[in-house]
Amino acid sequence: MQTTWRPILIKETRKPYFKKLQHFVSEQRQQVKVFPPDAEVFAALHLTPIEQVKVLILGQDPYHDDGQAHGLCFSVRPGIAIPPSLLNIFKELRSDLGCKIPNNGYLKHWAEQGVLLLNSVLTVQAHQANSHQGKGWETFTDAVIAAVNAQSDLVMFVLWGANARKKMALIDTGRHLVIESPHPSPLSAHRGFFGSRPFSRINAALRDAGKTEIDWQIPDL
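Just so it is clear, the structure is predicted and the values come from calculations on it, not from any experiment.

In terms of helices and strands, the protein chain carries eight helices and six strands. Tracing the protein chain from N to C terminus, the helices and strands come up as α-α-β-α-β-α-α-β-β-α-β-α-β-α. The globule rule puts the C-alpha radius of gyration for 221 residues at 17 Å, and the 17 Å found for the protein chain is close to it. For the protein chain, the spread of C-alpha atoms along the three principal axes comes to 45 × 40 × 30 Å. Counting over 221 residues, the protein chain shows a buried share of 51%. In the form shown here, the protein chain has an accessible surface area of approximately 10,100 Å², with 51% of it arising from carbon and sulfur atoms.

Now the structure itself:
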């Protein structure tokens, strides 16, 4: 983790729970397929240094099918079919800001502008959703959220779905802004995600704070 996150999170990595977690993940990798690849587990932190975080979008756990997860929540690499939740995010983006639905689901363009694409759980067993929940990742990512919350500049926290909304207690809503709605999953998007206009609301708040807006249009590849 050779990033500006390192001084903040090094204490977490030295705690007994984290060593136990790493042993669990290492053991899993020897026995079954685990996503994302080891080198991409902390990709969100590598791509978005803490001092650049303007927006934190919180996902649940990585995609669990082959070739999908690469360390950014909701994102898939170019050439991989856009998953249903991400397609719904793109549909809301089109409705909200008029953005074209791109030919890929690679969200690196957002990460490089200060959108931290963080999952609560950073690894998963292949084809077994939520299989690494409760193993310690939540403690680690709560520390990431707390570190972002401690920043003096405004950060927009985006909490989609019940799992993400549980993290509200970690956020000082006196200093930061929270956007919450049902999850963009096809199971819940029609219950309030569609029409919630999160992207224009984020940009309006950034503009009011004197910050550069996010260019949400994912380029075609």
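Moving on: the nonpolar core. If you look at the biggest cluster of nonpolar residues, it comprises 67 residues, and the most contacted ones within it are Trp5, Ile57, Trp110, Leu116, Trp137 and Phe140. At seven residues, helix H6 (residues 137-149) tops the list of elements feeding residues into this core.

Right, let's get into the environment of alanine 39. As for its placement among the helices and strands, alanine 39 is situated in the loop between strand E1 (34-35) and helix H3 (43-47). Sequence-wise, alanine 39 and proline 198 are 159 residues apart; in three dimensions their C-alpha atoms are separated by 31 Å.

Counted at 1.5 Å a residue, the expected span for H6 with its 13 residues is 18 Å, and the 18 Å between its end C-alpha atoms agrees. Of the positions making up H6, those classed as buried are Trp137, Phe140, Thr141, Ala143, Val144, Ile145, Ala147, Val148 and Asn149. Summarising the contacts, the buried residues of H6 are in contact with helix H1 (6-13), helix H2 (16-31), H3, strand E2 (55-59), strand E3 (115-119) and strand E5 (156-160).

With that settled, the discussion passes to the packing of aromatic side chains. Here the distance between the centres and the angle between the planes together describe a pair of aromatic rings. Taken as a whole and judged by the stated rule, the model has 13 aromatic pairs. On the basis of an interplanar angle of 90° and a centroid distance of 6.2 Å, the ring pair of tyrosine 17 and phenylalanine 18 is categorised as edge-to-face. In terms of burial, tyrosine 17 and phenylalanine 18 fall into one category: buried. Ring centres of phenylalanine 18 and phenylalanine 140 lie 5.2 Å apart, and the angle between their planes is 40°; on these two criteria the pair is classed as tilted.

This part covers the layout of surface pockets. Of the volumes computed, that of the largest pocket is approximately 730 Å³. What lines the largest pocket is a set of 40 residues, among which Gln60, Asp61, Pro62, Tyr63 and His183 lie closest to the centre. Considering only residue class, the lining of the largest pocket consists of 23 nonpolar, 14 polar and three charged.

Most of E2 is tucked away: five of the five residues are buried. Going residue by residue along E2, you find Val55, Ile57 and Gly59 tucked away on one face and Leu56 and Leu58 tucked away on the opposite face as well. Relative to E3, E2 is paired through five bridges, and the arrangement is parallel. Considered in E3, the bridge of leucine 56 is made with leucine 116. Relative to E5, E2 runs parallel, the two sharing four bridges.

The subject of this paragraph is the sheet that holds E5. Strand order in the open sheet formed by four strands is E3-E2-E5-E6, and the pairing between neighbours is parallel. Edge strands, defined here as strands with exactly one partner in the open sheet, are E3 and strand E6 (177-181). Adjacent strand axes in the sheet meet at a mean angle of 20°, parallel and antiparallel pairs treated alike. Helix H8 (residues 198-208) contacts E2, E5 and E6 of the sheet and is inclined by roughly 165° relative to E5.

With respect to the secondary-structure elements, serine 188 resides in the loop between E6 and H8. Given a relative accessible area of 12%, serine 188 falls into the buried group.

It is worth spelling out the packing of H2 against H6 at this point. Working note: a packed helix pair is described by the angle between its axes plus the distance between those axes. Taken N-terminus to C-terminus, the directions of H2 and H6 make an angle of 125°; their axes are 9 Å apart at the nearest point. As judged from the angle between their axes, H2 and H6 are oblique. As for the relative orientation of H2 and H6, their crossing is left-handed in sense. Facing H2, whose interface residues are Tyr17, Phe18, Leu21, Gln22 and Val25, H6 presents Trp137, Thr139 and Phe140. Looking at the contact of H2 with H6, its residues break down into six nonpolar, two polar and no charged.

Analysis parameters
- Residues numbered from 1 in each chain as written.
- Predicted model: local features only at pLDDT ≥ 70, side-chain atom pairs only at ≥ 80, totals over all residues.
- Heavy atoms only, no water.
- Helix = DSSP H or I, 4+ residues; strand = E, 2+ residues; numbered from the N terminus.
- Rg over C-alpha atoms; globule rule 2.2 N^0.38 Å.
- Buried < 20%, exposed > 50% of the residue type's maximum accessible area, 1.4 Å probe, protein only.
- Areas by Shrake-Rupley, 256 points an atom, 1.4 Å probe, with all protein chains shown as cover.
- Core = buried A, V, L, I, M, F, W, Y, C linked by side-chain atoms within 4.5 Å.
- Expected span 1.5 Å × (residues − 1).
- Contact = heavy atoms within 4.5 Å.
- Phe/Tyr/Trp six-rings, centres within 6.5 Å; stacked < 30°, edge-to-face > 60°.
- 1 Å grid on protein atoms, 1.4 Å probe; cavity = no way out; pocket = protein on both sides within 12 Å on 5 of 7 lines; lining within 4 Å.
- Points joined across faces, edges and corners; volume = space filled by probe spheres on them.
- Nonpolar A, V, L, I, M, F, W, Y, C, P; charged D, E, K, R; others polar.
- Pairing = 2+ DSSP bridges.
- Axes fitted to C-alpha atoms, helices over the stretch in contact; angles between N-to-C directions.
- Parallel < 35°, antiparallel > 145°, perpendicular 65-115°, else oblique.
- Left-handed = near helix turned anticlockwise from the far one by under 90°.

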